[in-house]
Amino acid sequence: KQEVTQIPAALSVPEGENLVLNCSFTDSAIYNLQWFRQDPGKGLTSLLLIQSSQREQTSGRLNASLDKSSGRSTLYIAASQPGDSATYLCAVTNSGYALNFGKGTSLLVTP
Amino acid sequence: ETGVTQTPRHLVMGMTNKKSLKCEQHLGHNAMYWYKQSAKKPLELMFVYSLEERVENNSVPSRFSPECPNSSHLFLHLHTLQPEDSALYLCASSPGTGYGYTFGSGTRLTVV
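All of the points below concern the structure found in this document. Worth saying up front: this structure is predicted, and the values here are computed from it rather than measured. The written sequence of each chain sets the order in which its residues are numbered from 1. Each chain takes a letter, starting from A, and each ligand takes a number, starting from 1, following the order in which they are written. Note on the predicted model: pLDDT of at least 70 is required for a residue's local features to be given, and 80 or more for side-chain atom pairs to be given and counted; whole-chain, interface and lining totals, by contrast, use all residues. With hydrogens and water excluded, all non-hydrogen atoms of the structure serve as input to the side-chain values.

### Structural notes on the pattern of salt bridges
Residues and elements named next belong to chain A.
Right, so step 1: Any Lys or Arg side-chain nitrogen found within 4 Å of a carboxyl oxygen on Asp or Glu counts as a salt bridge. A complete count under the given rule lists five salt bridges over all chains for this structure.
Right, so step 2: A salt bridge links Glu-3 to Lys-1; the shortest N-O distance between them is 3.8 Å.
Right, so step 3: Salt-bridge contacts for Arg-37 lead to Asp-39; the nearest nitrogen and oxygen are separated by 3.0 Å.
Right, so step 4: To sort residues, take the accessible area from a 1.4 Å probe on protein chains only and compare it with the maximum for the residue type: under 20% means buried, over 50% means exposed, and anything in between is partly exposed. Judged by its relative accessible area of 27%, Asp-39 falls in the partly exposed class.

Encoded structure:
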């Protein structure tokens, strides 16, 4: 059974800092890995999708990397802003349809 | 809007009520999903439909009954729920396996 772990569970940083969120998974036979953002009480917004054959994806100030063999992914956020405050979720797909989620990292960026 | 629309946004129901959650996607995707998000727990997959056929039922109690009349619409019928069923219910869609998901905004359900 795929287990997804996200570290840290919570993070507080001052505005302007660069930061890294970590995700690890136990079964490396994944189809893809997806990072999501969730604001309190809201649905999930997709940030980046990395296929198993890819090493990284970038969108604006976000960069996600994937090391499938070691079962790890990182989400790098450059020049953090208060509007980046949210919970960030990592999820992987193995065979079949299901997304396996971690519990998320709750990020607070203070002005 | 993300292309996946869920209604209602909030729902309060008694344990003897019957209600339904609705999800609609305008993305031309072939697969639709129901997920449950409870406090302090990872999102849990409940049901998967592919081309209107149920392909996964993740040991969900029978008081939750899904319906997928076509590839654009998905319902979750609720009856005789328990207070522990209170959660955020999220609908998602994807083009198929191995592709990214798009989520709706969710329905916040409270069972009293």
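### Re the state of the cysteines
Right, so step 1: Any cysteine sulfur atom paired with another within 2.5 Å is treated as part of a disulfide. A full pass over the atoms with the stated rule returns two disulfides over all chains.
Right, so step 2: Residue pairing for A:Cys23: its cysteine sulfur links by disulfide to A:Cys90, the two sulfurs lying 2.0 Å apart. An S-S torsion of about -60° defines the bridge between A:Cys23 and A:Cys90 as left-handed. Of this pair, A:Cys23 sits in strand β3 (residues 19–25) while A:Cys90 is found in strand β9 (residues 86–93), placing the two residues 67 residues apart along the sequence. No difference in accessibility class separates A:Cys23 from A:Cys90, as the two residues are buried.
Right, so step 3: Here B:Cys23 connects covalently by a disulfide to B:Cys91, the sulfurs 1.9 Å from one another. Because the sign of the S-S torsion sets the handedness, a value of about -75° for the bond joining B:Cys23 and B:Cys91 places this disulfide among the left-handed ones. In this pair, B:Cys23 sits in strand β3 (residues 18–25) while B:Cys91 sits in strand β9 (residues 87–94), placing the two residues 68 residues apart along the sequence. Here a helix means four or more residues in a row that DSSP labels H or I, a strand means two or more in a row labelled E, and each is numbered from the N terminus.

### A closer look at the packing of aromatic side chains
Right, so step 1: Any Phe, Tyr or Trp ring, taking Trp's six-membered ring, that has another such ring centre within 6.5 Å forms a pair; planes under 30 degrees apart are called stacked, those over 60 apart edge-to-face, and the others tilted. Under the definition given, this model contains 10 aromatic pairs over all chains.
Right, so step 2: Arranged with centres 5.8 Å apart and planes meeting at 40°, the rings of A:Phe36 and A:Phe101 form a pair that is tilted. Residue A:Phe36 is located in strand β4 (residues 32–38), and its partner A:Phe101 is located in strand β10 (residues 99–101); the two are separated by 65 residues in the primary sequence.
Right, so step 3: We classify A:Phe36 as buried; its relative accessible area is 0%.
Right, so step 4: Judged by centre distance (4.3 Å) and plane angle (25°), the ring pair of B:Tyr33 and B:Tyr101 falls under stacked. Of the two residues, B:Tyr33 is situated in strand β4 (residues 31–37) and B:Tyr101 in the loop between β9 and β10 (102–103); the sequence distance between them amounts to 68 residues. Each member of the pair, B:Tyr33 as well as B:Tyr101, carries the same accessibility label: buried.
Right, so step 5: Through successive ring pairs, a cluster of aromatic residues spans A:Phe36, A:Phe101, B:Tyr33, B:Tyr35, B:Tyr101 and B:Phe103.

By themselves, these observations are geometric and do not establish any function.
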